[in-house]
Amino acid sequence: MWFDSWSDLVRIVLVGAAAYVTLVVVLRVSGKRTLAQLNAYDFVVTVALGSTLATILLSSDVSWSEGAAAFGLIALLQFIVAWTSSRWPGARKVVTSRPILLLRDGEIRIRSLRRARLTEDELAQAVRSSGGGSLEGVAAIVLETDGTLSVIPEAAFGDGSALRDVEKN
């Protein structure tokens, strides 16, 4: 339980170092999008890469070459999905959700809030986090595709063109 063998520890150090270097190389080759976490799919890719690294480190049943192949496969699939969704809007809709308007001109959109499974307290927290003290000075709060809440103060709202792709129901 506390210690099995020196060979297990040496394997973790050697294979772990090789797997780490391999992951760094795969991430450099695959580009910044692989870890960007722009939406839920990107988050899943990041978790999958971490899970794969942990499996390579801790499971003696998985060789370094199998782990390297898994890293490469995840990065390749991420590239294919990102490339496809950036060229075809229909594919993008399958992979990502649309941002949702939760508050407009100080008025909470209860239906959207419930659909997003958020509370009014969470909206207030987002306003506070952005430096605001009141919902009155807020033009909009948007639940973004990556799960973050964007708070747009009235002074920065402009013509509202940044909300053109936001689901407003």
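Before reading on, note that the structure itself is shown above.
Below, the structure is looked at part by part. Values in this document were obtained by computation on a predicted structure and should not be read as measured data.

1. Considering the pairing of strand 1 (residues 100-104)
Line of reasoning, step 1. Most of strand 1 sits inside the fold, with 4 of its 5 residues counted as buried.
Line of reasoning, step 2. Summarising the sheet, strand 1 and strand 3 (residues 138-143) pair through 4 bridges and their orientation is antiparallel. The residue of strand 3 that forms the bridge with Ile100 is Leu143.
Line of reasoning, step 3. Alignment of strand 1 against strand 2 (residues 107-108), held across 2 bridges, turns out to be antiparallel. Looking across to strand 2, one finds that Arg104 is bridged to Glu107.
Line of reasoning, step 4. In this antiparallel pair of consecutive strands, strand 1 and strand 2, the connection spans 2 residues, and Asp105 shows a positive phi of 50°.

2. Overview of the pattern of salt bridges
Close approach of charged atoms allows side chains of opposite charge to pair.
Line of reasoning, step 1. Within the structure shown, the criterion is met by 2 salt bridges.
Line of reasoning, step 2. Here Asp105 ties to Arg104 by a salt bridge, and the two come within 2.5 Å at their closest N and O atoms.

3. Examining helix 1 (residues 6-30)
Because each turn of an α-helix spans 3.6 residues, side chains separated by three or four positions in sequence point in the same direction.
Line of reasoning, step 1. Its 25 residues place the ends of helix 1 35 Å apart at the C-alpha level, agreeing with the 36 Å of an ideal helix rising 1.5 Å per residue.
Line of reasoning, step 2. For helix 1, the set of buried residues is Arg11, Val15, Gly16, Ala19, Thr22, Leu23 and Val26.
Line of reasoning, step 3. Against helix 2 (40-58) and helix 3 (64-87) lie the buried residues of helix 1.
Line of reasoning, step 4. Gly31 sits one or two residues past helix 1 and shows a positive phi near 95°.

Conventions we followed
Residues numbered from 1 in each chain as written. Predicted model: local features only at pLDDT ≥ 70, side-chain atom pairs only at ≥ 80, totals over all residues. Heavy atoms only, no water. Buried < 20%, exposed > 50% of the residue type's maximum accessible area, 1.4 Å probe, protein only. Helix = DSSP H or I, 4+ residues; strand = E, 2+ residues; numbered from the N terminus. Pairing = 2+ DSSP bridges. Salt bridge = Lys/Arg side-chain N within 4 Å of Asp/Glu carboxyl O. Expected span 1.5 Å × (residues − 1). Contact = heavy atoms within 4.5 Å.

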